[in-house]
Amino acid sequence: MKLPLVFEAPQRGKPPRHFADLDDDARRAAVAELGLPAFRGKQLANQYFGRLIADPQSMTDLPAAMRDTVADALFPQLLNVVRSIECDDAETRKTLWRAVDGTTFESVLMRYPQRNTVCISSQAGCGMACPFCATGQGGLTRNLSTAEILEQVRAASVVLRDEQFGGMARSARVGRLSNIVFMGMGEPLANYNRVLAAVKRIIAPPPQGFGISARSVTVSTVGLAPAIRKLADERLGVTLALSLHAPDDELRDTLVPVNNRWNVGEALDAARYYADVTGRRVSIEYALIRDINDQAWRGDLLGKKLHGALGPLVHVNVIPLNPTPGSKWDASPKPAEREFVKRVRERGVSCTVRDTRGREIAAACGQLAAEG
Ligand code: SAH
């Protein structure tokens, strides 16, 4: 579906500064610059992170005369919804966002019986060029700012909260956001500083952040080894997912082009470092592609390499390949998938097939293209 374009050709640029971009010091300075007493900074943080309010006009503890100034200086409206579509009986919802400069990107909210997960973007587009991923085909438009990343989280939290208090909570379902995965558009570790600042605010308790448990936050990467080590050293306790997709360099060089820079061994060494430093089990993502990476012998090799590199500190998520426009590749037939999983497990590595959401609205892994 194409929407009429109501905007001029977009100017790609730097998003305006937003309250959520600021760390403690910058926040204090910004509040002082406006001539406000320091306690206002804490109030604003409480409104934004605690009450999920981003419009100063609704911040009732802020004197009415101050609201316009605060709005102009610190709370520009960063994102507008272009459209939202649902599937899986409205349990999955994909939102297409437009930033101030016209850049578009997507996020996906998925409700499960015991948890609610939002899959967020860290970049508009992606520069990693993996041939089986729709995002990779479009190239990179730009990095998202910290606040643009956090706004996706806040919006998902608001949807869930409003359902709950509107009496629309689906029975036996939690009414708050519990999990965040950086598995939308982009390579999070290629936008390291902004993603790191966003992660810190996602896991900090209110009023400093959204207070989501670190272990429920997953940063997924193609395997930028130095950045994985750096993230480990931050000791945030978030879950690392490594998109491996092949156990051997010959094939991975073609499926994940960055393998030509950091190969399977180097990516696994970095993952091991992450597991050692954080004590957290690393997830390995493996999109299973018919006749490309689904051979039983590759299952053996994958299990062997992972067991050797990570021992018990690893779990493999097999993702049946989701179709992308113009790709001739296809998911593996179920018997091949079962055999593959069996081979990995036989090597002592835990392995499950991931339940795929949002295929028919192009919201599943690798399908986000943000077509306006
Ligand atoms: N760039 C990061 C974050 C994106 S996460 C990364 O690659 O990890 C998206 C996940 O979906 C990655 O594991 C990616 O490899 C996988 N994926 C991409 N295209 C897919 C497709 N067509 N079918 C299934 N999974 C896919």
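These numbers were taken from a predicted model, which means no experiment stands behind them.

We now examine the site of the ligand. Of all residues adjacent to the ligand, which total 21 residues, the nearest are Phe132, Ser220, Ser243, His245 and Asn322. Asn322 is positioned such that a nitrogen or oxygen atom in its backbone is 2.8 Å from a nitrogen atom of the ligand. Cys365 places a polar main-chain atom, nitrogen or oxygen, 3.5 Å from a nitrogen atom of the ligand. For the ligand, whose accessible area on its own is 530 Å², the fraction buried by protein is 96%. The set of elements that each furnish at least two residues to the shell around the ligand consists of strand S8 (217-221) and strand S10 (282-288).

According to UniProt, the "binding site: [4Fe-4S] cluster" (unreviewed entry) feature falls on Cys126, Cys130 and Cys133. The contact partners of Cys126, leaving out residues within four places of it in the chain, are Thr135, Gly136, Gly139, Leu140, Gly186 and Glu187. With respect to the secondary-structure elements, Cys130 resides in the loop between strand S5 (123-125) and helix H4 (134-138). Look past the residues within four positions of Cys130 in its chain and what remains in contact with it is Gly136, Gln137, Val222, Leu255, Val256 and Pro257.

Let us look at the packing of aromatic side chains. Using the criterion set out here, one finds seven aromatic pairs in the structure. Residue placement shows Arg229 over the ring face of Tyr273; its charged tip is 5.3 Å from the ring centre. The lysine or arginine in question, Arg357, covers the ring of Tyr112, its NZ or CZ lying 4.2 Å from the ring centre.

We now examine the domain arrangement of the protein chain. Segmenting the protein chain into domains produces domain 1 (20-57) and domain 2 (79-361). Summarising the inter-unit geometry, the C-alpha centres of domain 1 and domain 2 are found 31 Å apart. For the pair domain 1 and domain 2, the summed buried surface comes to about 1200 Å²; carbon and sulfur atoms form 56% of the total. On the domain 1 side of the interface with domain 2, the three residues burying the most area are Asp21, Phe49 and Leu52, jointly 48% of the side's total.

What follows deals with the environment of Phe210. Summarising the element assignment, Phe210 is placed in the loop between helix H6 (192-203) and S8. Along the backbone, Phe210 and Val195 are 15 residues apart, and their C-alpha atoms lie at a distance of 15 Å.

Moving on, we come to unusual backbone geometry. Between Pro206 and Pro207 the backbone carries a cis peptide bond, its omega angle lying at 5 degrees. With respect to the helices, strands and loops of the structure, Pro207 is situated in the loop between H6 and S8. At Ala362, a residue that is not glycine, the phi angle is positive and equals roughly 50 degrees. Within the fold, Ala362 resides in the segment after strand S12 (350-353). Taking the relative accessible area as the measure of exposure, Ala362 reaches 30% and is therefore partly exposed.

On to the environment of Val195, then. Inspection of the secondary structure assignment puts Val195 in helix H6. Expressed as a C-alpha distance, the spacing of Val195 and Asn143, which sit 52 residues apart in the sequence, is 9.6 Å. Once you skip the residues sitting within four places of it in the chain, Val195 turns out to touch Ser122, Ile149, Phe182 and Pro188.

Criteria and thresholds
Residues numbered from 1 in each chain as written. Predicted model: local features only at pLDDT ≥ 70, side-chain atom pairs only at ≥ 80, totals over all residues. Heavy atoms only, no water. Near = heavy atom within 4 Å. Polar contact = N/O pair within 3.5 Å; in protein donor to acceptor, adjacent residues only side chain to side chain. Areas by Shrake-Rupley, 256 points an atom, 1.4 Å probe, with all protein chains shown as cover. Helix = DSSP H or I, 4+ residues; strand = E, 2+ residues; numbered from the N terminus. UniProt positions renumbered as here; feature names shortened; annotations may be inferred. Contact = heavy atoms within 4.5 Å. Phe/Tyr/Trp six-rings, centres within 6.5 Å; stacked < 30°, edge-to-face > 60°. Lys NZ or Arg CZ within 6 Å of the ring centre and 35° of its normal. Domains from an automatic or database assignment. Buried area = accessible area lost by both parts, 1.4 Å probe. Buried < 20%, exposed > 50% of the residue type's maximum accessible area, 1.4 Å probe, protein only.

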